[in-house]
Each structure stands twice: as structure tokens, then as C-alpha cells.
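# Structural description and commentary
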Amino acid sequence: MTTIDEQETTISGDDDHVSLVKAKRHELEQMKERFAKLILREDMSGGGKGVSSALALSNAITNLAASAFGEQHKLAPMPEDRKRRWRREVGWLLSVTNYIVEFVPSQQTSKDGSNMEVMMTKQRGDLRMNIPALKKLDAMLIGCLDNFKNQNQFWYVSKDADESEKGVQRSDKWWLPTVKVPPEGLSEESRKWMQYQKDCVNQVLKASMAINAEILAEMEIPDDYIDNLPKNGRESLGDQIYKSITVDSFDPGQFLSTMDLSNEINVLDLKNKMEASIVIWKRKMNQKDSKSSWSSSITVSMEKRELFEDRAETILLLLKQRFPGLPQSSLEISKIESNKDVGHAILESYSRVLESLASTVMNRIEDVLYADNVAQDPSLLAKKRTLSSRPTLNDSNRQTPGETPTGSPTATTLSDVMGWSVEQEASPLPEEKEPEKYHSKSAKILARTKNSYMEKLEAYKLRSPTTRH
């Protein structure tokens, strides 16, 4: 005969089991809904007029990130329910990449002891390298936000509070809460800790930007975009910009200082012009090369176009560093909408939402550091903050490699975060030793990321990208 306490325990246990079953059933229904929308390709009528599968997956990841992260108004851990939802649902969407494979040669021993080469399936190279890296960056960002739990060195005041109670607002985003720090500012230990968090987020930002840039570079340029291009680079850039970029002695920092970058529209317009001119010059060089003409005049013209193209790419890189929250350009939108490669769509969208979140977290950290600076020097609050006052490549206080803005050694580098090394590039893993004919074009994305994008980052010492806020 059971006691009342035993009966209550049994009932409580049954209730927990029922609640767990209901939660699992709810998750299953959510997963069915997610994949139903993907299969229907966002056409809920079922008429087959939806977008491509690649774009449907890209939109699903983008929308999920928007609902899970929002604008991230404060430096605080994500609510546990949103964190679990993000991890669960992004896992569903990323699971598609487990079934995107390529054929690779493999040695197989038969019963008689003889060896034969057979073709086996393996996850596609670019996904095999980049998906684990992006998951690591994802975990680092969420972990960084978790680090701000129970901190008491700064706090937030509602935008609706009295003026006497409000803190410091670094940006013009009046709807965000203001930051307050103690009257004497942050303690030295807290200041160093905040700087360390900023360095970590900076590495995540650079890594996600690098992966996103290389995936976009892999996507084909749609014919519609090419058909609408101007005839030449001068017409695309305009006479003034064209003259500035084709001078004998070119300095990218000086060039940007002459441009009106006071608002987002102007910056995006410059980005669109640069990307269009790069496409034009590349196409002209390929056309010249296909004609196999070796005249000296054409050779010089090709060399100049290649030089101008490199300058334009450098300017694009600097714009991305100075304005990491910049909307997508016309070329990027055109590529994403026309892309049919599901693997590229997932990598591009996942890296893009992580880049956006990292940029937002950087802004929130800089808000706190700015409030700390104002507490130490109240005159900073009276100074008019404009975009031109942000640090540029020619600033005297530019950071040196291996140092943070405070002069302390950095704890990690981008290569450390991503697990990149020269040895790994020179000596691939044993299972990667395959004939060149079996190497897919997309499997080389990460190598090019290290060689092109990262070399420019280090060449211009872009360690802590500034934002437009």
C-alpha cells in the first residue's frame, strides 16, 4: 500500500513526463512547419511559383536570426528560451549540409588482399571546413554575451527616464537605452576585461567577414546584373572618382578622406560603383586574354586594369571594415537571389548573420567604453561626433600588430580562432591527399580566404574595425 507522499511523487513524475512529451511534440510540429516552407519554397499556395531552394534556406536562416537576436540592445546573456530555440532551429537548417556530398577516391581492400580504388561520398569540402568554423564562431559570440551575466560595473537606463537619470548615448540611436558607469569610470580590471571581450568579438567579426566575402566571390555574377553595367569603369565611377583611383601615386586612406561618407546612402553608392567597376575591368581583361593578343599596348592596358581592380578591391575592404553594418550591395543581392547552390546559400547567410551580430555586440561594447571615457574626461561629451572623426588608416594612434588599443598583447588571433596555420595549408590532412582532378572548386574557398582577404587585413593593420555609430 503506497503512502500519500509516494502517490504525490508518482503524480508529479507523470506530470513532468507529460510536459516533456508535449514539448517534444511541439518541437516536432515546428520542425515540420520549417521544412514544409522550405519544400514549398515559400509559396504557401503550393503552385510551384516560389523562390529557389537555396534562397528559401538563406531567407530561413536570416529570419531566424532576426527573431532570435533582435537588435541586441544591451550587453547581457540571451534569454535561455531564445538561446535554445536558436540552437535547435539553426541546427535543423544546417543539417541539410550533411547531405551535400562530393565523390572522393578511396582505397579498398578486397577479400583476396588486392587493393582497388573506389569512389566514395564525402561532405563537400567547403562545407566540411566552414560549417564547423562558423559553429565555433556562433558559440563564441553567445559565450561572450553570457560573460556579462551578473556584472555590476555598468548598467542601462531606459530612454524614457528623466534627463538627470540618463546615462551616455554614444550613437544617434535614441531608442536604445543609455549606458551609465560609476562617477569615476570603470575600474582598471573591468576596463581591461571589457577590452579583452572587444578583442574576442573583433576576431569573430573578422573571421565571419572573411568567410562571407569568399563565399560571395564564389557565386556567379547573374547575367541580369552584367547586362545593366555601364560600358566602362570611367562611366561606372564617374570622372572625379575615376581620376582619383587611376593616379600614379594612390593612397586608399587619402582617397576615402576625400569622399563624402557622412551617411549610409553615400557609402553604399560608393560600394556599388566600386563593385561594378571591378566586374567591368575583369570582364575586359578576360576578353583581351581570350583573344591571345600580345601587343605591348594591350599588355600595358591589362596591367593598368589589374592595378585599378586591386585598388578598388582595397577600397571595398576598407569600407567593410569601417562600416561593418552596411546593407548589402546591388551585386551581393543579385548574387544571393540568383544563386542555386544550396551549400553556398547556407554558408553565406550563416556567416552574414554572425557578422551582423558580432558588429552589434562590438557597438554595445564601444558604448560602454565611450561612457567610461566620458566619466574620465567629461569634455568628450561636448565634442561633436561626426563620421569623419572616426579613426582612419592615417591616424597617429593606429594600432600595431599584436597589440590592442591599450597596448596590451592580444590573447588570440584570427588564425587561432579559426584553426588556420601555414603548416595546415602546406600539408593537408592524409585523407585530403587526392588527385587534383577530384578537387572541387568550392573546396578551395578557405585557402583563398587566408591568402587574399587576411593578407589585406594585416597589410592595412585593420585590427579593430570602427563602425558608423
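## Describing the overall build of the chain
- What the chain contains, in helices and strands, is 16 helices and four strands.
- Burial statistics for the chain: of 469 residues in total, 42% are counted as buried.
- Contacts in the chain between residues far apart in sequence, at least 24 positions, make up 78% of those at least 6 positions apart.
- When the accessible surface of the chain is totalled, it reaches about 25,700 Å², and 51% of it is carbon and sulfur.

## A few points about the side chain of Lys198
- Mapped onto the elements, Lys198 comes out in helix 5 (residues 188-218).
- Accessibility expressed as a relative area gives 10% for Lys198, which makes it buried.
- Not counting chain neighbours up to four residues away, the residues in contact with Lys198 comprise Met362, Ile365, Glu366 and Leu369.

## Details of the nonpolar core
- By size, the foremost hydrophobic cluster in this structure holds 58 residues, and its most contacted members are Leu75, Trp86, Phe154 and Met194.
- Those elements giving two or more residues to this core turn out to be helix 2 (53-69), helix 3 (80-94), helix 4 (125-146), helix 5 and helix 13 (342-376).
- Examining the composition of this core, we find that 15 residues originate from one element, helix 13, more than from any other.
- For Trp86, the contacting residues outside a window of four places in its chain are Leu64, Ala65, Ala68, Phe69, Gly91, Asp138, Ile142, Tyr350 and Val353.
- Of all hydrophobic cores here, the second largest spans 23 residues; its members include Met259, Trp281, Ala312 and Leu326.

## So, the packing of aromatic side chains
- Tallied over the entire structure, the rule returns seven aromatic pairs.
- Centroid distance Trp86 to Tyr350: 6.5 Å. Interplanar angle 50°. Geometry classified as tilted. You can see Trp86 sitting in helix 3 and its partner Tyr350 sitting in helix 13, a full 264 residues away along the chain. A single burial state applies to Trp86 and to Tyr350, both of which are buried.
- Judged by centre distance (5.1 Å) and plane angle (70°), the rings of Phe148 and Trp193 are edge-to-face. Separated by 45 residues along the polypeptide, Phe148 in the loop between helix 4 and strand 3 (155-157) and Trp193 in helix 5 bring together distant segments of the chain.
- On the accessibility criterion, Phe148 (3% relative accessible area) is buried.
- Classification of Trp193 by relative accessible area gives partly exposed; the value is 31%.
- Cluster of aromatic residues (ring-pair linked, three or more members): Phe148, Phe154, Tyr156 and Trp193.

## Considering the environment of Leu380
- Along the chain, Leu380 turns up in the loop between helix 13 and helix 14 (414-418).
- Take Leu380: its relative accessible area is 24%, and that puts it in the partly exposed class.
- In the structure, Leu380 is positioned 10 residues away from Tyr370 in sequence and 9.1 Å away in space, judged by C-alpha atoms.
- Excluding residues within four positions of it along the chain, Leu380 makes contact with Tyr370, Asn373 and Val374.

## Comments concerning the confidence of the model for the chain
- Looking at the chain, pLDDT values average 78 and 75% of them are 70 or higher.
- Scored below 50 in pLDDT, residues 384-417 makes 66 contacts in the model with residues more than four places away or belonging to other chains.

## Some details on helix 13
- The terminal C-alpha atoms of helix 13 lie 51 Å apart, and with 35 residues this matches the ideal 51 Å at 1.5 Å per residue to within 8%.
- Burial within helix 13 is extensive, with 30 of its 35 residues counted as buried.
- A distance of 2.9 Å separates the backbone nitrogen of Gly343 from a side-chain oxygen at the start of helix 13, and that oxygen is part of Asp341.

## Considerations on the pattern of salt bridges
- As enumerated under the stated definition, the model contains 16 salt bridges in all.
- Two residues, Lys271 and Glu332, come together in a salt bridge whose shortest N-O distance is 3.3 Å. Separated by 61 residues along the polypeptide, Lys271 in helix 10 (residues 264-290) and Glu332 in helix 12 (residues 330-338) bring together distant segments of the chain. Accessibility classification places Lys271 together with Glu332 in one group, the buried group.
- Residue Glu309 pairs with Lys282 through a salt bridge whose shortest N-O separation is 3.7 Å.

## Observations regarding the pairing of strand 2 (residues 115-123)
- Examined bridge by bridge, strand 1 (residues 101-109) and strand 2 share nine bridges and lie antiparallel to one another. The residue of strand 2 that forms the bridge with Pro105 is Met119.

## Points about the packing of helix 3 against helix 13
- The geometry of helix 3 relative to helix 13 is characterised by a closest axis approach of 11 Å and an angle of 155° between their N-to-C directions. Taken together, the axes of helix 3 and helix 13 are roughly antiparallel relative to one another. In terms of crossing hand, the pair formed by helix 3 and helix 13 is left-handed. Taking contact as the criterion, the partners of Trp86, Val90, Leu93 and Leu94 in helix 3 are, on helix 13, Ile346, Tyr350 and Val353.

## Some words on the environment of Ala210
- Structurally, the position occupied by Ala210 is in helix 5.
- Residue classification places Ala210 among the buried residues on the basis of a relative accessible area of 0%.
- With 145 residues separating them along the chain, Ala210 and Glu355 place their C-alpha atoms 9.6 Å apart.

## Structural notes on the packing of helix 2 against helix 13
- Helix 13 packs onto helix 2 with a crossing angle of 20° between their chain directions and a minimal axis gap of 8 Å. Judged on the interaxial angle alone, helix 13 and helix 2 are roughly parallel. The interaxial crossing formed by helix 2 with helix 13 has right-handed handedness. On helix 13, the residues that touch Ser53, Ala54, Leu57, Ser58, Ile61, Thr62, Ala65 and Phe69 of helix 2 are Val342, Ala345, Ile346, Glu348, Ser349, Tyr350, Arg352, Val353 and Leu357.

Thresholds applied
- Residues numbered from 1 in each chain as written.
- Predicted model: local features only at pLDDT ≥ 70, side-chain atom pairs only at ≥ 80, totals over all residues.
- Heavy atoms only, no water.
- Helix = DSSP H or I, 4+ residues; strand = E, 2+ residues; numbered from the N terminus.
- Buried < 20%, exposed > 50% of the residue type's maximum accessible area, 1.4 Å probe, protein only.
- Contact = heavy atoms within 4.5 Å.
- Areas by Shrake-Rupley, 256 points an atom, 1.4 Å probe, with all protein chains shown as cover.
- Core = buried A, V, L, I, M, F, W, Y, C linked by side-chain atoms within 4.5 Å.
- Phe/Tyr/Trp six-rings, centres within 6.5 Å; stacked < 30°, edge-to-face > 60°.
- pLDDT = per-residue confidence, 0-100.
- Expected span 1.5 Å × (residues − 1).
- Polar contact = N/O pair within 3.5 Å; in protein donor to acceptor, adjacent residues only side chain to side chain.
- Salt bridge = Lys/Arg side-chain N within 4 Å of Asp/Glu carboxyl O.
- Pairing = 2+ DSSP bridges.
- Axes fitted to C-alpha atoms, helices over the stretch in contact; angles between N-to-C directions.
- Parallel < 35°, antiparallel > 145°, perpendicular 65-115°, else oblique.
- Left-handed = near helix turned anticlockwise from the far one by under 90°.

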